[in-house]
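# Remarks on the overall topology
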Amino acid sequence: GLRGNEVKVYSPLLNVRPDAETWQFVFYFDIRPFTRQEASSSLWTTGFVCFALGAASMFFTNDANKLVLDPVESMIATVDKFRKDPLRVRKVADEEFRKEMERVRRALEKPKGKCRKCCEKIGCCSAGATVMETVILEKTIIKLGSLLALGFGEAGTNIIAENM
């Protein structure tokens, strides 16, 4: 016995003979190979879609971590450092300035290949790295902390530490 979806039935549509009511030609074709091929194709399609969605979710998670979570965690760590020791702000500001200068120096020294130059010409990538808003916020927190430390001095560090 074949299942209903594994059989294709063909019969004549036009019966002009009077004995068509008593007998009739009917052709049954076994289409199991086509059904197996269709099932296999559906299985591969489902596997590919699962793989593509998994890869896309990993890329999205990676980008979300890089662009949102890591900078926010860095800002929280910076504020926590300032809360524990407000006079340390100037050291952190100096370290951040040195890191920024080193990053700019490395970017200027990096040789540009033909692909990178072409990419910059057509505008699909920028010549300089774009600064994220979270980095700007972190630098602003550092600047505000250093201004507070300068304004209050050593005498005001306890006030700053208690209120942060």
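I will try to describe carefully the structure that is included in this document. (Residues numbered from 1 in each chain as written. Predicted model: local features only at pLDDT ≥ 70, side-chain atom pairs only at ≥ 80, totals over all residues. Heavy atoms only, no water.)

## Overview of the overall build of the chain
Looking only at helices and strands, the chain features 5 helices and 2 strands. Helices (α) and strands (β) of the chain occur, in sequence order from the N terminus, as β-β-α-α-α-α-α. Counted over contacts in the chain with a minimum sequence separation of 6, partners at least 24 positions apart contribute 56%. Accessible surface, the chain: about 13,600 Å² in total, of which carbon and sulfur atoms supply 63%. (Helix = DSSP H or I, 4+ residues; strand = E, 2+ residues; numbered from the N terminus. Contact = heavy atoms within 4.5 Å. Areas by Shrake-Rupley, 256 points an atom, 1.4 Å probe, with all protein chains shown as cover.)

## Observations regarding the side chain of Glu6
Note that Glu6 resides in the segment before strand 1 (7-10). At 2.7 Å, the side chain of Glu6 forms a polar contact with the side chain of Arg3. (Polar contact = N/O pair within 3.5 Å; in protein donor to acceptor, adjacent residues only side chain to side chain.)

## A look at helix 4 (residues 133-152)
The end-to-end C-alpha distance of helix 4, which contains 20 residues, comes to 28 Å, matching closely the 28 Å that a straight helix rising 1.5 Å per residue would cover. All of the buried residues along helix 4 are Thr134, Glu138, Ile142, Gly145, Ser146 and Ala149. Down the axis of helix 4, the sector holding all buried residues measures 120°, keeping them to one side. For helix 4, the exposed residues lying more than 90 degrees away from the buried face are Glu133, Lys143, Leu144, Leu147, Leu150 and Gly151. (Expected span 1.5 Å × (residues − 1). Buried < 20%, exposed > 50% of the residue type's maximum accessible area, 1.4 Å probe, protein only. Arc of directions from axis to C-beta.)

## Structural notes on the packing of aromatic side chains
One pass over the full model with this rule turns up 2 aromatic pairs. Considering the side-chain rings of Tyr10 and Phe29, the 5.5 Å spacing of their centres and the 75° angle between planes classify their relative orientation as edge-to-face. Of this pair, Tyr10 sits in strand 1 while Phe29 sits in strand 2 (residues 27-30), placing them 19 residues apart in sequence. On the basis of relative accessibility, which here comes to 43%, the residue Tyr10 falls in the partly exposed class. Phe29 gets classed as partly exposed once you look at its relative accessible area, which sits at 44%. Each ring, one from Phe25 and one from Phe27, has its centre 6.4 Å from the other, and the planes form 10°; the classification is stacked. By relative accessible area, Phe27 is classed as partly exposed at 46%. (Phe/Tyr/Trp six-rings, centres within 6.5 Å; stacked < 30°, edge-to-face > 60°.)

## Re a positive patch on the surface
A surface patch of positive charge is lined by Lys81, Arg88, Lys91 and Lys99. Note on placement: Lys81 falls in helix 1 (residues 32-84). Residue Lys81 is classed as partly exposed on the basis of its relative accessible area, which comes to 33%. (Patch = residues over 30% accessible without salt bridge, like charges linked within 9 Å, V, L, I, M, F, W, Y side chains within 5 Å. Salt bridge = Lys/Arg side-chain N within 4 Å of Asp/Glu carboxyl O. Lys, Arg positive; Asp, Glu negative; His and termini not counted. Charge placed at Lys NZ, Arg CZ, Asp CG, Glu CD.)

## What to know about helix 1
An ideal rise of 1.5 Å per residue puts 78 Å on 53 residues; helix 1 measures up with 74 Å between its terminal C-alpha atoms. Taking the largest bend as the criterion, helix 1 deviates by roughly 40°, centred on Asn65. Against helix 2 (89-109) and helix 4 lie the buried residues of helix 1. (Bend = angle between axes of the 7 residues up to and from the residue.)

The quantities given are spatial measurements derived from coordinates; they are silent on function.
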